[in-house]
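Structural overview for review
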Amino acid sequence: QVQLVESGGGLVQAGGSLRLSCVISGRAIGSSAMGWFRQAPGKAREVVAGMSWNGDTNDYADSVQGRFTMSRDLAKHALYLQMNSLKHEDTAVYYCSVERGLFGNVRRSGYDYWGQGTQVTVSS
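Report follows, based on the coordinates. For clarity, every value in this text was computed on a predicted model and none was experimentally measured. Starting from 1, residues in each chain are numbered consecutively following that chain's sequence as written. Given that this is a predicted model, residues contribute local features only at a pLDDT of at least 70 and side-chain atom pairs are listed and counted only at 80 or more, while totals for whole chains, interfaces and linings are drawn from all residues. Here the side-chain values reflect all heavy atoms present in the structure, with hydrogen atoms and water set aside.

Notes on the environment of Val122
Using the following cut-off: The helix and strand labels rest on DSSP assignments: H or I over at least four residues marks a helix, E over at least two residues marks a strand, and numbering proceeds from the N terminus. Contacts are assigned to residue pairs with any non-hydrogen atoms lying within 4.5 Å of each other.
Here Val122 is to be found in strand 11 (residues 118–123). A C-alpha to C-alpha distance of 22 Å links Val122 and Ser71, two positions 51 residues apart in sequence. Discounting chain neighbours no more than four positions away, the residues touching Val122 are Val12, Gln13, Ala14, Leu86, Lys87, His88, Asp90 and Thr91.

A word on the state of the cysteines
Heads up, the condition is: Any two cysteine sulfur atoms lying within 2.5 Å of each other are counted as a disulfide.
A complete count under the given rule lists 1 disulfide for this structure. The residue that forms a disulfide with Cys22 is Cys96, at a sulfur-sulfur distance of 2.0 Å. One disulfide, between Cys22 and Cys96, carries an S-S torsion of 60 degrees and so falls in the right-handed class. Of this pair, Cys22 sits in strand 3 (residues 18–25) while Cys96 sits in strand 9 (residues 92–98); the two residues are 74 residues apart in sequence, bridging distant segments of the chain.

Side note on the nonpolar core
As a reminder, the rule being used: We define the nonpolar core as a collection of buried residues of types Ala, Val, Leu, Ile, Met, Phe, Trp, Tyr and Cys that are connected through side-chain atoms lying within 4.5 Å of one another. Note on classification: 1.4 Å probe, protein chains only; a residue is buried when its accessible area is under 20% of the maximum for its type, exposed when over 50%, partly exposed between these limits.
With 28 residues, the main nonpolar core has Trp36, Met70, Leu81, Met83 and Tyr94 as its most contacted residues. Looking at this core, the elements that each hand over two or more residues are strand 3, strand 4 (34–39), strand 5 (46–51), strand 7 (68–73), strand 8 (78–83), strand 9 and strand 11. Not counting chain neighbours up to four residues away, the residues in contact with Met83 comprise Gly16, Ser17, Leu18, Leu20, Arg67, Phe68, Tyr94 and Val120.

Some remarks on the pairing of strand 4
Counted only if it meets this: DSSP-based pairing: two strands are paired if at least 2 bridges between them are found.
Counting buried residues along strand 4, 5 of its 6 residues qualify, which places the element largely inside the surrounding structure. When strand 4 meets strand 5, the two strands line up antiparallel, connected through 5 bridges. What sits directly across from Gly35, in strand 5, is Gly50. Counting the residues between successive antiparallel strands, the hairpin from strand 4 to strand 5 contains 6 residues, one of them, Gly42, with a positive phi of roughly 75 degrees.

Some words on the side chain of Thr118
Operational definition: Whenever two N or O atoms come within 3.5 Å, that pair is a polar contact, provided that in protein one can donate a hydrogen and the other can accept it, and provided that, for residues adjacent in sequence, both atoms are side-chain atoms.
With respect to the element layout, Thr118 can be found in strand 11. Here the side chain of Thr118 touches Gly9 through a polar contact of 3.2 Å, landing on its backbone nitrogen. Leaving out residues up to four positions away in the same chain, Thr118 has contacts with Glu6, Ser7, Gly8, Gly9, Leu20, Ala92, Val93 and Tyr94.

See below:
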């Protein structure tokens, strides 16, 4: 059974930083495309960042480009999202995700496994 557990969310002032973590069990993360998404109240879920299966290619939403960085640690079975220069509009529940297939390219949709989410609140 594949499980994804996010952590690291919280309350931070605008301009601050947070680092989200996602620990993945039941699946090797070195062979699948992965992503981070977020959903703000009253809004649709949107992609934040994606990573190709081999970690060579990252893709970011325009709204976070240059401020957020996605990375992974294969030994720890973990995915990370470093968020700097946070803005009030970054407030949302953040989710990590993994594709069911193998060797996927970086993508903004088509993920199959999801975590329960972690709340990020940025005060202005």
